[in-house]
Amino acid sequence: MTDFTGLMLIEPLMRALTDEGYATPTPIQGKAIPILAEGRDLIGIAQTGTGKTAAFALPMLQRLAASGARPQPKSTRALILAPTRELAAQIAEAIRVYGKHLKLRCEVVFGGVPINRQIGRLAPGVDILVATPGRLVDLWRQKCIRLDAVEIFVLDEADRMLDMGFIPDVKRITAMLPKKRQTALFSATMPQSIQALSSFLLTDPAKVEAAPAATTAERVEQRVLFVPKANKRAALAGLLRDDSINRVLVFTRTKHGANKVVRQLDEDGVRANAIHGNKSQSAREKALEEFRSGRTPVLVATDIASRGIDVDGVTHVINFELPNEPESYVHRIGRTARAGATGIAISLVDAEERGYLRDIERIIRQPLVVQTHGYGAISSAPANEDRPSDPTRRPGAGRSRRRRRG
Ligand code: AMP
């Protein structure tokens, strides 16, 4: 598909896409939009960064605008559930952008902020509600929202919902939805329990898949530095001194670790903020805003907090610690390869993390290039420095096998 014209979108949506500078649909958009526009249920296997938000938002806006119906008080015509507040806020923002030439009302509700203002905004009824599950259940219990008029339901990042323990809330919410509705479920992975949930939620769904995880991995230049734990701080500070860094996301495994890295960077003269679940909503928003505007070029995040971070122009991802779930590695490095861009991901790996590294190589189906030194300069190519220097690694896991898939 070369441009959006083949997708039969109405003029106000086409105009918004032109305003945004979107020239061609991403693969998931090309596949999902016609199916959803027809009113069919859909399972989308896609991760953040593939353009999945527009894939469900555009046909949703189109269908809601076409019917011309008005929302009833304290109700919504379309419901989107997202696992984190950041993701919910970003989806709502994207919908406002794509729907800016339409007269549809979109609101977002999530926990961690006072509920009263949200209650007020829901009172007249909305066309689209984006919500995290816990806050939506609270609002429903307080009789501030009815869900019996939902025509379109989207469950986004279903696998993260599962990881975060939201499935009971999701089931409670879906039990309140009308049986006759359109449902779309998006998930980066399809574990057994998500398959079971889909067969319960969806009717005869079409299944579409965005490029598999490995494709993200191929777009990102990935480097691994073996660094003893005690030297990671110096290695990170050294990497961050490089001028080619505009925006870098640094990942740690824990909230405590994220705070510690920010503190150490501060001592080393590097401006950084942390974003994780213990931060207040306003602190998270401030950190994201400073990162987006470039005022603070370094954002230190945990995996869960990073889920919804949609910031264009992230030039580097640095894994200060490897994640213990290999899928998280793919999510992390995907932050620097959004909508087809390329980027650099650098992992600082100590002896205890080598098992994690092997798990990651297995799921991205490629061996990672290893460097043992040279972490003073981030922009220099790994040339001459990469070698399979870890004696515990498989023989030949170095450069010559870099592009091999297996
Ligand atoms: P998502 O996977 O929905 O989080 O989208 C990832 C990023 O891609 C967002 O920053 C979008 O604004 C951007 N995007 C989505 N669709 C397109 C498109 N067709 N062309 C260019 N950028 C896009």
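This is a predicted model, so every value here is computed, not measured.

1. Thoughts on the side chain of T174
- On the secondary structure map, T174 appears in helix α8 (residues 167–175).
- Within the structure, the side chain of T174 is placed 3.1 Å from the backbone oxygen of K171, a separation counted as a polar contact.
- Non-local contacts of T174, meaning those with residues more than four positions away in its chain, are made with F153, R181, F200 and L201.

2. Digging into the pairing of strand β8 (residues 220–226)
- For β8, the tally of buried residues reaches six of seven residues, placing the bulk of the element in the interior.
- Of the pairings in the sheet, the one linking β8 to strand β13 (residues 343–349) comprises seven bridges and is parallel in character. Bridging from a neighbouring strand, F226 pairs with V349 of β13.
- Pairing between β8 and strand β14 (residues 369–371): three bridges, direction parallel. When the sheet's bridge partners are listed, L225 is paired in β14 with Q371.

3. Considering the environment of N319
- For N319, the position within the fold is in strand β12 (residues 316–319).
- Note: C-alpha distance between N319 and V349 (30 residues apart in sequence) is 8.3 Å.
- Excluding residues that lie within four positions of it along the chain, N319 makes contacts with F251, Y329, R332, I333, I346, S347 and L348.
- A polar contact of 3.0 Å, which involves the side chain of N319, links it to the side chain of R332.

4. Observations regarding helix α2 (residues 27–37)
- Listed in full, the buried residues belonging to α2 are I28, Q29, G30, A32, I33, I35 and L36.
- The secondary structure elements touched by the buried residues of α2 are β1 (42–45), α3 (52–67), β6 (182–187) and β7 (206–209).
- Where α2 ends, the next residue or the one after it, G39, has phi of about 100°, a positive value.

5. A word on the site of the ligand
- Looking at the ligand, there are 16 residues lining it, with Y22, Q29, G49, G51 and T53 nearest.
- Within the backbone of T50, one N or O atom sits 3.0 Å away from an oxygen atom of the ligand.
- Interatomic distance of 3.3 Å between a backbone N/O atom of K52 and an oxygen atom of the ligand.
- Protein contact buries 85% of the 500 Å² of open area that the ligand shows by itself.
- When each cavity is represented as a set of grid points, the ligand is found to reside in the largest pocket.
- Here the residues of the shell around the ligand are counted per class, giving four nonpolar, eight polar and four charged.
- Viewed by domain, the shell around the ligand spans two of them, domain 1 (4–209) and domain 2 (220–382), each represented by three or more residues.

6. A closer look at the packing of helix α4 (residues 85–98) against helix α13 (residues 281–293)
- Two elements in contact, α4 and α13, have axes separated by 11 Å at closest approach and are oriented at 60°. On the basis of their axis angle, the class for α4 and α13 is oblique. Read as a crossing pair, α4 and α13 show a hand that is right-handed. Facing α4, whose interface residues are R85, E86 and Q90, α13 presents Q281, R284, L288 and R292.
- Residues of the contact of α4 with α13, tallied by class, amount to one nonpolar, two polar and four charged.

7. Some words on the layout of surface pockets
- Its volume calculated, the largest pocket comes out at about 980 Å³.
- Residue lining of the largest pocket: 35 residues in total, with Y22, A94, Y98, D310 and D312 positioned closest to the centre.
- Contributing elements (two or more residues each) for the lining of the largest pocket: α3, α4 and α13.
- A per-element tally of the lining of the largest pocket places α4 first, with 10 residues.
- Its residues placed into classes, the lining of the largest pocket shows 13 nonpolar, 10 polar and 12 charged.
- Counting only domains with at least three residues in the lining of the largest pocket, you end up with domain 1 (4–209) and domain 2 (220–382).

8. Comments concerning unusual backbone geometry
- The phi dihedral of K143 falls on the positive side, at around 60°, and the residue is not glycine.
- Among the secondary structure elements, K143 is positioned in the loop between α6 (133–141) and β5 (152–155).
- The exposure class assigned to K143 is exposed, which follows from its relative accessible area of 66%.
- Of note in the backbone geometry, D204 takes a positive phi value of approximately 45° without being a glycine.

9. Some words on the packing of aromatic side chains
- Counted by the stated rule, this structure contains two aromatic pairs.
- Ring centres of F56 and F186 lie 5.4 Å apart, and the angle between their planes is 50°; on these two criteria the pair is classed as tilted. Within this pair, whereas F56 is found in helix α3, its partner F186 is found in strand β6, the two being separated by 130 residues in sequence. Neither residue differs from the other here; F56 and F186 are each classed as buried.

10. Describing the nonpolar core
- Grouped together as the largest cluster of nonpolar side chains are 45 residues, with contacts concentrated most on L58, I80, I95, Y98, I128 and V130.
- Ignoring anything within four residues of it in the chain, the contact list for L58 reads F4, L9, L13, L17, I33 and Y98.
- Formed by 33 residues, the second largest nonpolar core is a distinct cluster that contains L129, F153, M161 and I167.

Conventions adopted
Residues numbered from 1 in each chain as written. Predicted model: local features only at pLDDT ≥ 70, side-chain atom pairs only at ≥ 80, totals over all residues. Heavy atoms only, no water. Helix = DSSP H or I, 4+ residues; strand = E, 2+ residues; numbered from the N terminus. Polar contact = N/O pair within 3.5 Å; in protein donor to acceptor, adjacent residues only side chain to side chain. Contact = heavy atoms within 4.5 Å. Buried < 20%, exposed > 50% of the residue type's maximum accessible area, 1.4 Å probe, protein only. Pairing = 2+ DSSP bridges. Near = heavy atom within 4 Å. Areas by Shrake-Rupley, 256 points an atom, 1.4 Å probe, with all protein chains shown as cover. 1 Å grid on protein atoms, 1.4 Å probe; cavity = no way out; pocket = protein on both sides within 12 Å on 5 of 7 lines; lining within 4 Å. Sits in = over half its atoms within 2 Å of the grid points. Nonpolar A, V, L, I, M, F, W, Y, C, P; charged D, E, K, R; others polar. Domains from an automatic or database assignment. Axes fitted to C-alpha atoms, helices over the stretch in contact; angles between N-to-C directions. Parallel < 35°, antiparallel > 145°, perpendicular 65-115°, else oblique. Left-handed = near helix turned anticlockwise from the far one by under 90°. Points joined across faces, edges and corners; volume = space filled by probe spheres on them. Phe/Tyr/Trp six-rings, centres within 6.5 Å; stacked < 30°, edge-to-face > 60°. Core = buried A, V, L, I, M, F, W, Y, C linked by side-chain atoms within 4.5 Å.

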